[in-house]
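# What the coordinates show
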Amino acid sequence: MTRTAIIALLSHWRRHRLQLAMLLIGLALATALWSGVQAINSEARKSYDRAAATLGQDTLDRLSAPDGVTLSEFVELRRAGYLVSPVIEGNSRIDAARLRILGVDPLTAPPQAGLAALAGDGDVLADFLGSEGLLLVAPETAAELDGTDLPPRRIAADLSPGIAITDITTAQRLLDRERLSYLSVWQQQPAGLPPLESATDLARTTPEDGTDLAELTDSFHLNLTAFGFLAFGVGLFIVQSAIGLAVEQRRQTFRTLRALGLPLRRLVALLATELAAFALLAGTVGLGLGYAIAAALLPGVAGTLRGLYGAPVSGMLSFDPLWALAGLGLTLAGTAVAGGQALWTVARMPLLAPAQPRAWAMASARTLRLQGAAALVLLTLAVILVVAGGSLLAAFGSLAALLIGSALALPPLLIGALRLARPLARGPVGEWLLADARQQVPALSLALMALLLALSANVGVGTMVGSFRTTFTGWLDHRLAAELYVTAPDEETAAQVREIAATDAREILPSASVDLTVAGQPATLIGIAADAATFREGWPLLQAEPDVWDRLAAGDGVLINEQLYRREDLELGAPLTLAEGWRLPVAGIYADYGNPQAQLMIGNAVLSDRYPDLPQLRFALRIAPDAAPALAERLRQETGLPQQAVVNQAEVKAISLRVFDQTFLVTGALNVLTLGVAGVAVLTALLTLSGLRLPQLAPLWALGIRPARLARLEVARTLILAVLTWALAVPVGLALAWVLLARVNVAAFGWRLPMLYFPAEWLWLAAAALTAAGLACVWPAWRLTRLPPDRLLRIFANER
Amino acid sequence: MRDRICCALAAALWLAGPAHAQGYAGLGAEAGAEFAIPRADTSFDFPADHFAHPGYRIEWWYLTANLEGSDGTPYGIQWTLFRSALAPSRTDGWETDQVWLGHAAVTTPDAHLFDERFARGGIGQAGVAEPFDAFIDDWSMRSTGGDDPLDRIALTARGDSFSYDLALTAEGPLIRHGDAGYSVKSLEGQASYYYSQPFYEVEGTLSLPRGDIQVTGSAWLDREWSSQPLSENQSGWDWFSLTFDSGAKMMAFGLRTDAEGTHFTSATWIEPDGEATAYGDGAVTLTTLETGEVADRTLPLRWRVELPARDLDITTAPINRDAWMGTSFPYWEGPVTVSGSHAGRGYLEMTGY
């Protein structure tokens with residue numbers, strides 16, 4: 001009996017292959033997008049941990065001094081018996097890529113990760129210590145460095161990208177630096193020694209708990225996760241409609257099987273097993289797809305995280321069985337949710353219920369009212385969360401309420417809109433079209449909700465990214481007002497630079513910086529030429545005292561970046577402690593996009609007074625733009641500065657914008673994918689309906705409307721619904737963008753951006769929505785035109 | 001992790017059997033052509049030869065002492081400085097090719113404490129300085145006077161859980177092994193320069209986890225340098241430095257191959273007045289009497305040592321069988337007692353197990 005039942009149940013899918021395909025595609029897509037995002041997130045997290053563990057930076061104390069540690073300080077401590085090991089750390093610009101170089105002494109280095117590639121291989125160690133040197137790098141870093149004249153590379157798979165570990169001598173050569181950056185202190189020191197602090201003047205620092213990177217980037221990953229969930233939800237819409245349809249269409253089969261003696265419990269069990277099998281099959285395919293998506297997107301994400309946060313994330317994806325299990329689990333759970341209602345229907349079906357499919361999923365007015373009420377509640381909740389909550393979680397909660405609320409509001413609103421449009425209809429066919437569309441809304445509602453979500457996500461994210469980019473570009477123009485930026489390695493070269501530049505440059509703006517701890521967080525204090533016209537005239541501050549530049553120059557105030565301002569809830573005039581016994585009021589706030597850290601600015605002279613030993617090695621040069629390249633060349637030739645020490649404004653801008661664009665590459669890709677899934681959802685719903693709609697179409701055909709015209713009407717109806725959905729999606733998307741810009745960005749990055757509108761993009765999206773819906777209805781409509789007349793006739797003859 | 005790196009380094013040292021040494025910077029079983037090679041016709045020049053010989057690939061200052069607490073408890077200490085050159089050039093600054101390795105240990109009847117240090121030469125972290133100070137970090141073997149810098153020595157080392165501070169006074173002359181210090185190590189002719197100061201009287205303090213202990217005893221310093229490690233088929237050695245109650249002393253070693261076991265032996269007999277007689281291959285025989293599990297390996301615990309030319313037939317037994325040096329290159333090194341035709345004590349080193 002069970003076997004017969006299985007064969008009977010499965011025969012449905014043999015006859016409705018397209019439906020089966022839709023079910024599987026929906027499940028696979030939902031799994032793919034979700035698991036893809038998860039894979040990206042977990043890979044990034046792994047990278048953070050690895051980066052933190054490189055050279056034990058997460059656990060080992062350090063000894064350091066403001067101007068570096070000398071060789072003799074190191075040797076004295078060793079000769080006194082203390083186990084310390086020298087590290088030289090610095091950035092080296094190789095073409096466009098930035099390479100962080102960590103020079104170590106493998107002979108004294110504490111037990112640690114990062115040097116694994118040296119283990120057990122004497123040849124490699126000899127090369128490492130040898131005169132040519134050896135760089136240990138991650139595989140992708142090795143690829144990036146291909147063709148450069150750096151020392152030979154050796155792949156160390158456990159290293160973070162963008163980092164090269166090398167011998168201290170090699171690092172000294174590459175970074176052109178004599179002094180050690182710091183000494184790592186072994187955790188276990190030999191017996192019987194006095195405390196290390198008593199033996200040295202170097203400052204000892206203990207690494208902070210937790211990885212800063214993970215915290216910094218949490219918001220970014222939350223963002224991705226939210227997108228993953230959205231896509232998963234959209235995918236489940238497809239699944240729900242496919243399962244619901246399959247149950248409706250098999251009512252006759254169920255009745256027959258039950259009449260033949262198949263117990264209800266077994267029938268439900270069989271259907272549940274069938275669903276689970278589909279979920280496993282499609283989930284597996286989805287995992288493969290998700291892995292592919294993650295592999296394709298990960299380099300972009302890695303680029304983003306590197307550009308935005310300086311987080312070294314590997315662009316290589318590894319396979320994690322736990323991830324696969326979690327993905328399959330979620331698919332099963334999602335299928336259970338999507339199919340639960342259908343199974344419940346079967347379980348409650350009376351044994352001899354009429355085997356007629358009801359007009360499928362025809363919702364009553366009551367259902368619509370319920371949906372409307374739920375939508376109202378959710379939208380109100382969204383507003384409350386946005387107004388009252390200040391946290392990132394509240395912001396995302398508000399986003400979720402907004403999106404779900406809008407989706408629920410869609411069917412009542414569509415029906416309302418179609419009612420309102422009734423006076424516009426001409427002739428009976430027009431009226432029928434609107435009335436029929438209204439009647440179809442409940443059946444199509446899930447698919448249309450999916451479309452709404454995808455469209456509003458597109459509008460919202462597009463608006464946010466567009467606003468960000470426009471603001472960012474404008475900000476770059478102001479921030480990078482000078483034509484040339486020069487960094488000298490020492491004071492002698494710096495003097496040379498001044499001398500050479502003095503002949504051509506309109507203004508020479510020196511700057512220097514010190515790292516401080518302000519309000520308990522690491523911060524950079526930059527000394528700028530506060531008297532310069534470049535700043536006074538050309539730099540729009542977010543908020544400022546009227547005489548801000550004079551205050552800066554006089555040392556009566558400090559400029560802070562927006563991040564610090566928002567994080568510490570400061571205001572103009574609020575006193576800020578920069579160092580012991582040094583308090584200054586906030587004189588102005590400036591935008592500082594793309595920088596996760598607190599930053600402060602003060603007059604250059606004030607900074608030099610405070611830190612007399614601080615060398616002035618950086619200069620911004622104002623010069624006629626067309627004279628800039630010649631001066632850059634002269635500076636390089638006459639002072640021997642390397643290529644990367646003299647940077648053209650245009651180059652900096654290009655690099656910054658490239659980093660920026662990469663930042664939102666993933667978001668864009670996920671957007672397109674979600675829209676694609678929504679398109680499939682619409683197609684599934686329409687296909688489902690096309691079979692069921694024959695009783696409604698047959699009378700029209702009988703009244704003399706040809707199948708071709710009927711098909712055109714079908715297309716028109718779908719397009720009307722798509723346009724209406726899009727029209728609702730735009731305001732929802734704008735609301736989404738506002739929450740993202742005014743709430744999420746502030747909480748996540750510490751800056752607020754002005755919201756700009758991009759109507760051209762909305763039109764483009766309308767076109768996309770119409771295309772998606774159009775493509776989705778072409779196939780069902782075409783089938784309608786090919787319908788043999790006898791099928792339509794039979795509707796009347798043997799009305800089920 | 002670091003252990004494995006250092007293992008690669010230690011493999012560069014002579015300590016390593018060929019199995020490890022092969023492939024190390026191409027310096028495995030054969031010396032790099034540019035390194036100096038020991039020659040039979042050279043004679044030592046003291047005190048110059050107490051210092052480092054950077055033209056040779058490997059070198060060591062190897063001191064072991066049999067000590068006794070005031071309650072009669074036997075102790076042993078080891079202090080070793082190894083030098084290994086990656087190339088015979090670049091001797092100054094960070095960019096040196098000289099790598100130094102220190103091993104220190106204290107053995108008691110129920111504990112064996114040890115530690116190791118690595119350093120680069122050329123930066124002042126390790127080396128042998130004038131007038132005589134062989135050092136790595138705060139471990140040091142420093143001359144405190146005498147006609148020869150090695151006559152009086154202050155010896156210190158400090159590990160995770162122990163330290164010692166000892167004063168050594170030489171009561172006899174330096175001893176040249178083999179042919180006036182040219183010591184052959186295989187039938188193929190691998191050789192090293194090798195001399196010893198076996199006549200040290202010792203007193204000082206051991207600082208152990210349970211407290212400080214005043215000790216007295218005797219010590220033996222080995223000095224050796226070469227560019228030729230073991231012959232290709234040699235897998236390790238067993239090395240004895242023994243002091244008999246009669247005042248006579250003996251150095252004996254046997255080199256092993258995997259196939260034959262001990263196959264090449266050499267010994268030096270030292271009269272109490274310092275008169276030394278060298279014995280070539282086969283004169284002394286080494287026989288394992290008992291083996292046991294130490295650090296997951298099977299090691300000889302008791303040896304029979306026979307030198308018929310001196311009517312010597314003795315048995316050695318460890319004071320602490322667990323004197324395993326679990327350093328990056330591991331080996332057994334510990335104090336032994338001697339019984340049989342001659343009674344006494346000494347030190348035993350077993351590598352390649």
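One can find the structure itself at the top, above this paragraph.
Described in the following lines is the structure provided in the data block. Sequence order as written defines residue numbering, which begins from 1 separately in each chain. Each chain is given a letter, starting from A, and each ligand a number, starting from 1, according to the order in which they appear as written. Only residues with pLDDT of 70 or above have their local features reported here, since the model is predicted, and side-chain atom pairs are shown and tallied only from 80 upward, although totals for entire chains, interfaces and linings are computed over all residues. As a rule here, side-chain values cover all heavy atoms of the structure and leave hydrogens and water aside.

### Side note on the overall build of chain B
Here is the rule we go by: Where helices and strands are cited, they refer to DSSP runs of H or I of at least four residues and of E of at least two residues respectively, numbered from the N terminus. A 1.4 Å probe rolled over the protein chains alone gives each residue an accessible area, and that area as a share of the maximum for its type sets the label: buried under 20%, exposed over 50%, partly exposed in between. Residue contacts are defined here by distance: any two heavy atoms, one from each residue, within 4.5 Å place the two residues in contact. All accessible areas in this document rest on Shrake-Rupley with a 1.4 Å probe, and a residue is counted as covered only by the protein chains that are shown.
Counting secondary structure elements, chain B contains 2 helices and 23 strands. Burial statistics for chain B: of 353 residues in total, 61% are counted as buried. Taking the contacts inside chain B whose residues are at least 6 apart along the sequence as the reference set, 56% of them involve residues at least 24 apart. Total accessible area on chain B stands at roughly 12100 Å², and carbon and sulfur atoms take up 46% of it.

### Quick look at the packing of helix α1 (residues 2-15) of chain A against helix α8 (residues 251-259) of chain A
Residue and element names in this part refer to chain A. To be explicit about the condition: The axes used here are C-alpha line fits, helices contributing only the stretch in contact, and every angle between their N-to-C directions lies in the interval 0 to 180 degrees. If an angle is under 35 degrees, it is roughly parallel; if it is over 145, roughly antiparallel; if it lies from 65 to 115, roughly perpendicular; otherwise it is oblique. Three classes are used, and their members are as follows: Ala, Val, Leu, Ile, Met, Phe, Trp, Tyr, Cys and Pro are nonpolar, Asp, Glu, Lys and Arg are charged, and the others, Gly among them, are polar.
The geometry of α1 relative to α8 is characterised by a closest axis approach of 10 Å and an angle of 170 degrees between their N-to-C directions. Between α1 and α8, the interaxial angle falls into the category roughly antiparallel. Across the interface between the two elements, Ala5, Ala8 and Leu9 from α1 touch Thr253, Phe254 and Leu257 from α8. Considering only residue class, the contact of α1 with α8 consists of 5 nonpolar, 1 polar and no charged.

### Considerations on the environment of Arg469 of chain A
Along the chain, Arg469 of chain A turns up in helix α13 (residues 427-479). Separated by 192 residues in the primary sequence, Arg469 of chain A and Asp661 of chain A place their C-alpha atoms 8.3 Å from one another.

### Considerations on unusual backbone geometry
Residue and element names in this part refer to chain B. The residue after Phe46, namely Pro47, is reached through a cis peptide bond having omega 5 degrees. The residue Pro47 is located in the loop between α2 (18-21) and β1 (58-69) in this model. A cis geometry characterises the amide bond from Glu130 onward to Pro131, with omega recorded as -10 degrees. With respect to the helices, strands and loops of the structure, Pro131 is situated in the loop between β5 (126-129) and β6 (133-136). One non-glycine residue, Asp137, lies in positive phi territory at about 50 degrees. Within the element layout of this structure, Asp137 appears in the loop between β6 and β7 (139-145). For Asp311, which is not a glycine, the phi torsion comes out positive at approximately 55 degrees.

### Here we look at the environment of Thr288 of chain B
Considering the arrangement of structural elements, one finds Thr288 of chain B in strand β18 (residues 285-294). It is 4.7 Å that separates the C-alpha atoms of Thr288 of chain B and Trp303 of chain B, two residues lying 15 residues apart in sequence.

### Examining the side chain of Ser328 of chain B
All names here are of chain B. To keep it simple, the criterion reads: Any N or O atom pair separated by 3.5 Å or less is treated as a polar contact, with the protein-specific requirement of one donor-capable and one acceptor-capable atom, and with residues adjacent in sequence counted only for side-chain atom pairs.
Looking at the element boundaries, Ser328 is found in the loop between β21 (324-325) and β22 (331-340). The class for Ser328 is buried, based on a relative accessible area of 6%. A distance of 2.8 Å separates polar atoms of two side chains, one belonging to Ser328 and the other to Glu116.

### As for the pattern of salt bridges
Put simply, the rule reads: Salt bridges, as used here, are contacts in which a Lys or Arg side-chain nitrogen is within 4 Å of a carboxyl oxygen on Asp or Glu.
Overall, the coordinates contain 26 salt bridges over all chains when judged by the stated rule. Note that Asp547 of chain A is salt-bridged to Arg551 of chain A, the shortest N-O span being 2.9 Å. Assessed through its relative accessible area of 33%, Asp547 of chain A is described here as partly exposed. Residue Arg551 of chain A is classed as partly exposed on the basis of its relative accessible area of 25%. Across the pair Glu306 of chain B and Arg304 of chain B runs a salt bridge whose closest N-O atoms are separated by 3.3 Å. Through salt bridges with shared partners, a single network forms among Arg78 of chain A together with Asp115, Arg117 and Asp137 of chain B.

### Remarks on α8 of chain A
An α-helical turn contains 3.6 residues, so a residue and the one three or four places further along point in the same direction. Residues and elements named next belong to chain A. Selection criterion: Comment: arc refers to directions from the helix axis out to C-beta atoms.
Listing the buried residues of α8 in full gives Arg251, Thr253, Phe254, Leu257 and Arg258. Here the buried residues of α8 occupy an arc of 160 degrees about the axis, which is enough to place them on one side. Looking at the residues trailing α8, positive phi occurs at Gly261, about 110 degrees.

### Considering the packing of aromatic side chains
The description of an aromatic ring pair rests on the distance of the ring centres and on the angle between the ring planes. Rule in force here: Within 6.5 Å between ring centres, the rings of Phe, Tyr and Trp (the latter by its six-membered ring) count as paired, and their orientation is classed by plane angle as stacked under 30 degrees, edge-to-face over 60, tilted in between. Placement of a positive charge over a ring is assigned whenever Lys NZ or Arg CZ falls within 6 Å of the ring centre and within 35 degrees of the normal to the ring plane.
Applying the stated criterion across every chain, the model contains 22 aromatic pairs over all chains. For the ring pair Trp237 of chain B and Trp239 of chain B, a centre distance of 5.9 Å and an interplane angle of 70 degrees mean the geometry is edge-to-face. There is no split in this pair, since Trp237 of chain B and Trp239 of chain B are both buried. An angle of 20 degrees between the planes, with centres 5.7 Å apart, marks the rings of Phe244 of chain B and Trp269 of chain B as stacked. Taken as a pair, Phe244 of chain B in strand β14 (residues 234-244) and Trp269 of chain B in strand β16 (residues 261-270) lie far apart in primary sequence, 25 residues in all. One exposure class covers both Phe244 of chain B and Trp269 of chain B, and it is buried. Here a set of aromatic residues connected by ring pairs shows up, and it is made of Phe44, Phe46, Tyr56, Tyr193, Tyr195 and Trp225 of chain B. Looking at Arg62 of chain A, its charged tip hangs above the ring of Tyr182 of chain A, at a distance of 3.9 Å from the centre. If you follow Arg256 of chain B out to its NZ or CZ, it ends over the ring of Tyr353 of chain B, 3.9 Å from the centre.

### Describing the nonpolar core
Test applied: Put simply, a nonpolar core is a bunch of buried Ala, Val, Leu, Ile, Met, Phe, Trp, Tyr and Cys residues held in one set by side-chain atoms that sit within 4.5 Å of each other. Start and end positions for the domains come from either an automated domain assignment or a database one.
Core analysis: the largest hydrophobic core is formed by 95 residues, its most contacted members being Leu455 and Val744 of chain A. Among the elements that line this core, the one with the most residues is α13 of chain A, at 21 residues. Among the domains, domain 1 (1-53 + 218-351) and domain 3 (479-654) of chain A are the pair contributing at least three residues each to this core. In this structure Leu455 of chain A touches Leu675, Trp726, Ala729, Leu765 and Ala769 of chain A, once residues within four positions along its chain are discounted. Membership of the second largest hydrophobic core comes to 44 residues, among which are Trp61, Val106, Ala134 and Trp225 of chain B.

### Details of the pairing of strand β13 (residues 558-561) of chain A
When a strand is regular, its side chains alternate between the sheet's two faces. Residue and element names in this part refer to chain A. To keep things clear, this is the line we draw: Think of it this way: DSSP has to see at least two bridges between two strands before they count as a pair.
Residues Val558 and Ile560 point to one face of β13 and Leu559 and Asn561 to the other, with burial holding for every one of them. Judged from the 4 bridges that link them, β13 and strand β15 (residues 582-590) form a sheet pairing that is parallel. Looking at β15, one finds that Val558 is bridged to Val586.

### Section: helix α22 (residues 694-702) of chain A
Within the sequence span of α22 of chain A, burial applies to Leu694, Leu697, Ala698 and Leu700 of chain A. Seen along its axis, α22 of chain A keeps its buried residues to an arc of 165 degrees; they face one direction.

### What to know about a negative patch on the surface
Selection rule: Patches draw on residues past 30% relative accessible area with no salt bridge. Two like charges within 9 Å are joined, as are two nonpolar side chains (Val, Leu, Ile, Met, Phe, Trp, Tyr) within 5 Å. Residues scored as charged are limited to Lys and Arg (positive) and Asp and Glu (negative), so that His and the chain ends carry no count. All charge positions are set by atom: Lys at NZ, Arg at CZ, Asp at CG, Glu at CD.
Together, Asp176, Asp490, Glu491, Glu492 and Asp613 of chain A make up a negatively charged patch on the protein surface. Its location among the elements puts Glu491 of chain A in helix α14 (residues 491-504).

### Concerning empty space enclosed by the protein
Remark: the empty space left among the atoms is shown by a probe the size of a water molecule rolled over them. Residues and elements named next belong to chain B. For the record, the criterion: Here the term cavity refers to a set of points on a 1 Å grid, laid over the protein atoms alone, in which a 1.4 Å probe fits but cannot get out; the term pocket refers to an open set having protein on both sides within 12 Å along at least five of seven lines, with lining residues being those that place an atom within 4 Å of a point. Grid points are joined across faces, edges and corners, and a volume is the space filled by probe spheres set on the points.
According to the stated counting rule, one finds 9 cavities of 30 Å³ or more in the structure shown. By volume, the second largest cavity amounts to about 160 Å³. Looking at the second largest cavity, it is lined by 14 residues, and the ones nearest its centre are Tyr62, Asp222, Trp239, Glu333 and Glu349. Across the lining of the second largest cavity, the residue classes break down as 8 nonpolar, 2 polar and 4 charged.

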